[in-house]
Each structure stands twice: as C-alpha cells, then as structure tokens.
Amino acid sequence: MSISRLLRVLRQRLRALFRRTSVDEELNRELAFHLEQLVQEFAERGMPLEDARHAARRAIGNIPSLEEQCRDHRSVTWIHDVRRDVVYGVRMLRKNPGFTLVAVLSLAMGIGANTAIISVMDAVFRDSLPVPNDERVVVARTFPLDNPRQETHAPISDYYEWRDTSHSFDLMGVSLGHQADFGADAAGTPAERVNGQLATAEALAVLGVQPIIGRVFTAAEAHIEAPERLIVISHRLWQRRFGGRAGILGEQVRLDRVNWTIVGVMPEGFRFPNQGADYWIPLRLDRSQRQSPQRFYVVTARLKDGVTISQAQSDLDIIAARLARDDPDWHEGWGVRVKPLREAMLGWSLAPLVTLGSAVALVLLVACANLAGLLLSRGLVRMPEMAMRTALGAGRSRIVRQLLTESILLSVAGGALGLLVAWGGIRSLVGMTPPPGGVEIVAVTLNLRSLIVTALISIAAGILFGLAPALMGTRTGVTATLKESPIASVSGLPPRFRGALVATQIAVTFVLLIGSGLLMKSFVQLVSRDLHFDPERLLTFEYHTPLGDYMQRRGSVGGLPYFAIDPPPSLALERVHRGLQALPGVESVAGASFPLLNSVVLPTMSVSVENLSELAASPGSAGLSAPLAIGVGSVGAHLASDRRGLSAAYFLVTPGFFTSIKGRVVEGRDFAESDTSSSEWVAIVNETAAARFWPGESPLDQRLRLIIVPEERPRRVIAVVRDIPPTRQSGPTPVIYTSYLQQPLHYPQPGANMLGRMTFMVRTTGDDPMALLPAARRVVADVDPDRPLANVVTMEQQLASVVPRRGYLVVAMVAFAFMAMLLASIGIYGVISYSVTQRTREIGIRVALGAGARDVVGLVGGRALVLIAIGLSAGLGGALALTRFLQSQLWGVTPTDPATFAAAILLLVVVALGACVFPLRRATGVDPTIALRCE
C-alpha cells in the first residue's frame, strides 16, 4: 500500500470515528444513487417503473445489511460498540445505586491503598538518589555470624584492610557520627547542639556530590598533622543559623570551644549518612585508632567499572576470613555485608512497606472475590435480559464483552476514587519515622507512573472479579429462561464456585486478622511495658563537656589510647546538678551518662567478678567490649556474641539516681553523696546482671571490677534494682550503674567520651515540666554560656514517640483486617441468601412434610459451617507460612502466638455466623403453600 493510499484510508477511518453521522449520510446517499441508477437501467429496458424499482431492490440486496457491511469495512465499528456498551453499562449501574456504591467504595480502598504502596516503593527503590551513579556506591557493614540479621558498622581496622587489600573499589572512605555544640556568637545566636559527621576526604569523594558554595576538604587537609580546621555545613544549617548568607565562606564558627573555618555548603537535601547530619569535619586518624575494635565507623565505597556487588562481597569475605584467622580476638565470629547505598539508607522501610503491601493486596483480593459473588447474584436478575439478547442473535462473546465492560466500569470508578485514597496513603507513608541512623522518605507524589499503575490495577481488578460472572451469565437455556424463573434456568452456575469465593475470602481475612493481631499485641505489650520507674513530670535534656576540656593524651593500654582526666568533668556536671536542685518547683534531679530508653549507642564493659574462675581463665578480657548499636533485640544479640567473658551495659549516674526517678530497688541502697572518689567504690546492678553474674546467690556485698585501666578499683555491690531497659524495645540486658564521682583518673578512648556527658532528668512539682525549661537554661548558661541544652523533651513525650514509629503500621493493618472481615461477612451473607433463594421450593416441601426449624437451620447452616471450616483451614496454613516474615517487626510475641490465633478464629467464626442469621431466619420462615404456589 502506497503512502498516499494509507493516508487516505487513515483519513476516512478518522472521519468515520469522529464524524460518524456525516459519513453515514454520505453512505446513504451513495446507496440511494446506486439504487436509482439501477431503477433507470431497468426502466430503459422497457420495464414499468414500479417493476423496475422492485427489480432494482432485488438486485442490490438488503440495504440495511449493505450499510452494516460498509460500516464494518471501516474497522472502527468496534469502537462505537464499546461506546454503546459503556453507555449501557453506566445506565445499568445507575439503576442499582446501592450495589454500585458498595462496589466502588470497596474497590477504591483496595486500589488506592495498592497504588500508594507501589508509588512509595517505586520512589524508594527506583528513583535516583541525589548522588551521581548511586548504583555504584555501596556501604560495607559487619554482623555477628551467630545473629546475621543484627548489622552494625565496621571497626577502623577493617576499613584499612578493605581499602588496602581489596580489588573491587575505585575509592573507599569512612565516617563517624559526631555531636558538637555551636557556641553563642556576637550576633546573639544562642548555643545549640548539632549533629554531624567526622569524615575522611574520600568519604565525600565517593559520593561525588559537589557543594553549592565552596568546596570540600582535601585528603591533605584531613591529615592528622594538618594545621587548619575546616568544616562543611549542610544547606539546612546554612539557612537556619546563618540566614543563607552568600558570604559564608571563610567565616569561623566555634565548635566545642574550637574555631573552624567554613569552606563549603552542601546542596539542599544532602543527607548522608543519616537524616540528622548538619556538618562534616575531617576525621583525623592516628595509629592507635587503627587498632581500635570499636564498630562505630560507616564505610562507603565506589565500585570499579564492571564489578558487581556480589563480586565485591566475595572480595571482602576473603579478607574477613583472613582477619578472623590472623586476629581472632577482634575478628573471629564476624562477617561482612556489602549493600547498595539505596538499601543502606532506605532499607529500613522495606519491611513495613512489604507488610502493608501484602495486606492491601489481600484486601483487594477479598474485595474482588466479594464483588464476583455479588455479580453472580445480580446476574440472576438479568437472566431474562441475557436470554433475550441471545434470542435476538447476540453471540456469547458479545454478552461477555458487555458484562465485562460493566465490571471494568466499576473498577475504573473505584480506581478514580482510589486516587484520593492513594494521595492520603502516600502522605501517611512519607510521614513514617525512620529508626535512628535512617533517612526519611521524601518527595513521593502521584505522578504519571502512579496513574498508570492505578489504571492497570483497576482494569486487572475489573477482569478478575468480572470474568467468571460474565462467563456464567451466558450459560443459560434461552427457552427455559423465557418460560420459567431465572433461578430454575441457571445451568452453568455451580454452587461450588460461589462457595470457593467465600472460602477464599475467609482464608484471606484470617491471614489479615492474624497479622494485625500479632502486630497489635506486640504494640500493646511494648507501650504498656513496665519500665520500673515513674516517667511523670520528668523534664529531660542532655549536657556535655567537650572532650578537649578534660582529656589529656597519655599513652595506650591494650592497644587502645588512654587519657588523663584532668580536670574531672564531674566538677562542671556537679555545678549543673546542684543548680538544678536549687530551682523553685524542682522535686528532685537525676542524671545518667546516657538517656534512659533512648540510647542509640551504648558502650558495654567487660566485667571481672570475684570467685568466678571461668572469667579469670578466659583470654583477652582486657579492654572495652564491642559497642552496642541499640535496636530491636540488638542488646541481647551483641552480648551473646561476646566471647571474651561477662559483659554489661554501663551507666554513670548521680547520687540518689533511683530515688529521683522512683526506680524500684529490690534490695540494698541508692548511691549517696558520701560515695566519692576517696571512699569505697560501689556499684548497683540490675536483676538480669545479678542473675547472670551470681546465679543462685545474693549479689549484695559481692565485688566486681570493670575492665578499664589498672587504676579501676574493685566495686562492692550495694543494691539490686529492677530492669530499666536501655531502649523501649530491648530485651533483658545486664546493666551496671556506678557513681560519676567514682571514676579512674585515666580512661581509654572511646570510653572516656561518657565522662563529660550527662542526661539530666528533673522531676517537677508542677504538672507541666516544660515550664521549668527557661530556668534550666539559665542554670546551664551560668556554668558555661557555650553549652546548650540538647534533646529537650519530657519523659512522657519520649515514651510517646514510639507510638507514631510503630502505631501507623498497627492501625493500618487493623483497618485492612476489619475491611476484609466486613467484605467476607457480606460474601457469606450473599452465598447463604442465594442458597436459601435457590432452595425455597425444597425447603417448602420439607416443611410441608414435617421438617422443623432445627432441620431447616441444619440444612442451610451446615453449608455455612462447611465454608467457614474450609476457609479457616486454608487461612491457618497461609498464616503459619506468612506470619514468620513479621518476626522482625514483633516484640514479645512469637509469630505463632496461640492466643492471637485463637482470638482470630473466634472472632471470624462469630462474624461469619452473624452474617448467616438473617438468611437462616428467612429460611425458617418459609411458608410451604406460598413457596409451592410461586413455583
């Protein structure tokens, strides 16, 4: 076909599509012209005019049929047929507003929720990160081999081995979390605590992100002997503290009493390696730090061209095996894992998104099964219509197309309304709180991909729930349908099919009930956990003294640098403590080296216990044990992985600490003001430590020694207290408390960091602890104007922060389970009602022959019990197979919790039987005379 002919055909088809009336008029005129020409031709042959007309009509044939053939030849007739189907379908849906409303709302929730989940997952795992070629950037982390799910960062020794001996990376850098106090400036900006990062120049070069103003520091400027102190700040800090001034480069800021020169401002949205980083300063490493076993360091690297992540993983696995063989004290029992940058930053969201995505997919499946059942019931009413269409010549495919069009119209309407649900769902998901060290999800919107996803889900759902009813609707006898009742004429509508739909709904609903029940029980146990102290009317804030104010380098012990503590930071902390106690409205004041229930990083100490020969014989017990990166279950995991003896989490506290927080002392006494450096050194242990260190004995007056430096003295245990968890989600953890006034004059790094920091907890006499904040700021300013209060919050607010972090998942799962249960109950109601309607004549005959109400209930209700039993059996198997994937999101609950399973079974059975009540009442009320007369 030539191009000119193709264009002519295309033009004619477009005219037939968009100017159908005009084209049809032309066709009528053309056929009329041909008819008139034939009439003239026959008349010229001598026929009378009337005979000529009859002969012409016989010759030309059936004109309406010719018109249809000509229209079919245009190849656009099917479009007009679809339009007619749509118009007719809309009219039929408008005739049944109740059914249409239920169907559209059900689909809107299912389709909208699926669209929201898919949109967020698409943005998280597909959209480009603000890092050039981010697919080539990876993060290397370590994990204990006996608990592979519990990842932590890497020791600096591993970083050097990986950097110097691996063959998979172009560049590798390392960074370390840091906090510093920006001092008050001459412009009146108050001091504030800011989170940042110590980073090597390579760590920033790996990312390849250039500052919008200035530059980043170089490797030479990050060297330990470099004289300059340079700092790169975030766009957020530039705007907030410096007003976005263009001339910021070269200005100096005071960071922990030291002046730093600003050399660059990073782009807006740059959030590496975590959400809170607002500045980057050089990480200056010396030889002693290279020997540190502490797993604090974030290692990032850029893969070489052509190297895959699996190849890089194999490369580092070989190095890890060699390190474990050559240096078993620090590396045995540890593995390494290479992750893409995207997974390292946003991987925390995968588990909740997959959980919610699975839930909404199941809800949509229940909705589709329910609508399929409703359409089957609705199809009974339309049997005469379908029979009439068949009698008039409509083929089976034509009827199926009409019914499928109506189903897709329902799903498209549900999808359109579901866009509102998706918009709200995206806003909720974007608001998910990341865990400590995670990066929040941002910039997710309803875009073109979201609209395409919604359209595809809508069409797929329409076909899913509409195809079977459409096929069933065509399997009727025309004569029987036109002569008899629709129910009697249904030949292709097996009851088993409807029963299978209901059993499927019950099974899926049961899985959702189990998942939501487990999450709810876990959440309730978490928020109602007995913390063994009184959080009411407690104002908490952090205060710290810069390390340079009290740490003087003296040498190393066990390969770790240690420092002389001079002057002791306890002097400044004591001034703050006494100043807070003197404030009006203060009932008591307590302080701890790390915040209760919210410790992101908490060091543990190896412990030597008198009369414990196993520990004395254990090798390599000197020095600090591996750090704890606190998370769900991480405390127990790390303690279990400690192969060098007993260890415990470690807090320095103020005198009267447990009295002030109203902690529960099981036996013994609290720390007193008289417990000073010159008196006998003492310690308090929690119940878990007492049971682990002195099983079957009283720990009072027992002695222990913290393995720190030779100056550490043996400490006498003076009390046992109830367990106060280091985090809201941590399990039983051995904890040792000592007075901050009884510390050695020398301390290893990084343990010395805790000496100058204190989280104060001020219990007020008034109901609003925040009212005391201005006075507390004045006390701290009197001690040191460059030291701000950081992380100011009431203890009750801190406890409530767990609710949004986990609550959104619980609420969403419960809502989806309730929706599925409602839909399943509607499905059960529909199938039992259908069964009653279909068996009305049979029931009438049975009643006429003497059957009682109990017999009728057994006849009809037995089918309901069978469906419920089949659905519960299938759902039980599905729940046991799928809920194990929820294990990482549960606390204090096993995935096979018997109480949850029993409650879900009972609830679903009650709801299912409740849905049978009205159909059963109708069945028992059947009048045999009326039933037989209707037939």
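Residues numbered from 1 in each chain as written. Predicted model: local features only at pLDDT ≥ 70, side-chain atom pairs only at ≥ 80, totals over all residues. Heavy atoms only, no water.

Engineer: Can you help me understand the overall build of the chain in this one?
Structural biologist: For the chain, the helix and strand inventory stands at 33 helices and 26 strands. The contacts of the chain with a sequence gap of at least 6 include a subset with a gap of at least 24, amounting to 82%. Carbon and sulfur atoms provide 59% of the accessible area of the chain, an area that totals close to 41,600 Å². (Helix = DSSP H or I, 4+ residues; strand = E, 2+ residues; numbered from the N terminus. Contact = heavy atoms within 4.5 Å. Areas by Shrake-Rupley, 256 points an atom, 1.4 Å probe, with all protein chains shown as cover.)

Engineer: Honestly, the nonpolar core in this entry has me stumped. Any pointers?
Structural biologist: One broad rule of soluble globular proteins: the nonpolar side chains tend to lie buried together. Counting 91 residues, the largest nonpolar core has L341 and F816 as its most contacted members. For this core, the leading source of residues is helix 28 (residues 802–838), giving 14 residues. Those residues in contact with L341 that lie beyond four places of it in its chain are L129, V131, D134, V137, V138, V139, L207 and F272. The next biggest cluster of nonpolar side chains, apart from the first, holds 72 residues, and it includes F541, Y543, F658 and I724. (Core = buried A, V, L, I, M, F, W, Y, C linked by side-chain atoms within 4.5 Å. Buried < 20%, exposed > 50% of the residue type's maximum accessible area, 1.4 Å probe, protein only.)

Engineer: Can you help me understand empty space enclosed by the protein in this one?
Structural biologist: Within this structure, the stated rule accounts for five cavities of 30 Å³ or more. One number sums up the size of the second largest cavity: a volume of about 90 Å³. As for the second largest cavity, its lining consists of L129, P130, V131, L207, G269, F270, R271, F272, L341 and M345. For the lining of the second largest cavity, the residue count by class is eight nonpolar, one polar and one charged. (1 Å grid on protein atoms, 1.4 Å probe; cavity = no way out; pocket = protein on both sides within 12 Å on 5 of 7 lines; lining within 4 Å. Points joined across faces, edges and corners; volume = space filled by probe spheres on them. Nonpolar A, V, L, I, M, F, W, Y, C, P; charged D, E, K, R; others polar.)

Engineer: I keep staring at helix 3 (residues 49–60) and nothing clicks. Help me out?
Structural biologist: Because the α-helix completes a turn every 3.6 residues, residues three or four places apart line up on one side. Helix length check: helix 3, at twelve residues, gives a terminal C-alpha distance of 16 Å against a target of 16 Å (1.5 Å per residue), a fit within 8%. Of the residues making up helix 3, those classed as buried are A52, A55, A56 and I60. Projection of helix 3 onto a plane perpendicular to its axis shows the buried side chains occupying an angular sector of 125°, all on one side. (Expected span 1.5 Å × (residues − 1). Arc of directions from axis to C-beta.)

Engineer: Just to check I follow, could you spell out the environment of S358 for this structure?
Structural biologist: Its location among the elements puts S358 in helix 14 (residues 350–381). Along the sequence, S358 and N114 sit 244 residues apart, while their C-alpha atoms lie 9.0 Å from each other. Within the local environment of S358, its side chain forms a polar contact with the backbone oxygen of V354, the two atoms lying 2.8 Å apart. (Polar contact = N/O pair within 3.5 Å; in protein donor to acceptor, adjacent residues only side chain to side chain.)

Engineer: What is the right way to read the side chain of N686 from this model?
Structural biologist: Residue position: N686 is located in strand 20 (residues 682–686). With sequence-adjacent residues up to four places away left out, N686 is seen in contact with V720, V721, R722, D723, T733, P734 and V735.

Engineer: Help me understand the packing of helix 30 (residues 853–882) against helix 32 (residues 917–924) in this model?
Structural biologist: Each pair of packed helices gets described by two things: the angle between the helix axes and the distance between those axes. Where helix 30 contacts helix 32, the axes come no closer than 9 Å and their chain directions differ by 135°. Classified by the interaxial angle, the pair formed by helix 30 and helix 32 is oblique. Seen along the crossing, helix 30 lies across helix 32 with a hand that is right-handed. Residues A853, V856, V857, V860 and G861 of helix 30 touch helix 32, and the partners they reach there are L920, A923 and T924. Across the contact of helix 30 with helix 32, the residue classes tally to six nonpolar, two polar and no charged. (Axes fitted to C-alpha atoms, helices over the stretch in contact; angles between N-to-C directions. Parallel < 35°, antiparallel > 145°, perpendicular 65-115°, else oblique. Left-handed = near helix turned anticlockwise from the far one by under 90°.)

Engineer: Quick question: what am I supposed to make of the pattern of salt bridges here?
Structural biologist: If charged atoms from side chains of opposite charge come close, those side chains can pair. By the definition in use, this model includes 36 salt bridges. The shortest N-O distance in the salt bridge between E50 and R53 comes to 3.7 Å. Of the two residues, E50 and R53 are both situated in helix 3; the distance of three residues between them amounts to about one turn of the helix. Using a relative accessible area of 45% as the deciding quantity, one classes E50 as partly exposed. Look at R53 and you get partly exposed, because its relative accessible area is 33%. Here R163 ties to D164 by a salt bridge, and the two come within 3.0 Å at their closest N and O atoms. The structure contains a network of salt bridges with shared partners spanning D181, R193, D256, R257, E542, D784 and R787. (Salt bridge = Lys/Arg side-chain N within 4 Å of Asp/Glu carboxyl O.)

Engineer: Please explain the packing of aromatic side chains as it appears in this structure.
Structural biologist: How two aromatic rings sit relative to each other is given by the distance of their centres and the angle of their planes. Summed over all chains, the structure comprises eleven aromatic pairs. Relative to W280, the ring of F270 lies with its centre 5.3 Å away and its plane at 55°, an arrangement referred to as tilted. A residue pair is termed long-range when its members are at least 10 positions apart, and F270 in the loop between strand 7 (258–265) and strand 8 (279–282) and W280 in strand 8 qualify at ten residues. Across the pair, W280 and F270 agree in class, each one buried. With a centroid separation of 5.6 Å and 25° between ring planes, the pair formed by F651 and Y737 is classed as stacked. Here Y737 lies in strand 23 (residues 735–739) and F651 lies in strand 18 (residues 647–653), a separation of 86 residues in the sequence. One exposure class covers both F651 and Y737, and it is buried. Feature note: the residues F594, F651, F657, F658 and Y737 constitute an aromatic cluster, connected by ring pairs. The side chain of R295 reaches across the aromatic face of W334, ending 3.7 Å from its centre. (Phe/Tyr/Trp six-rings, centres within 6.5 Å; stacked < 30°, edge-to-face > 60°. Lys NZ or Arg CZ within 6 Å of the ring centre and 35° of its normal.)

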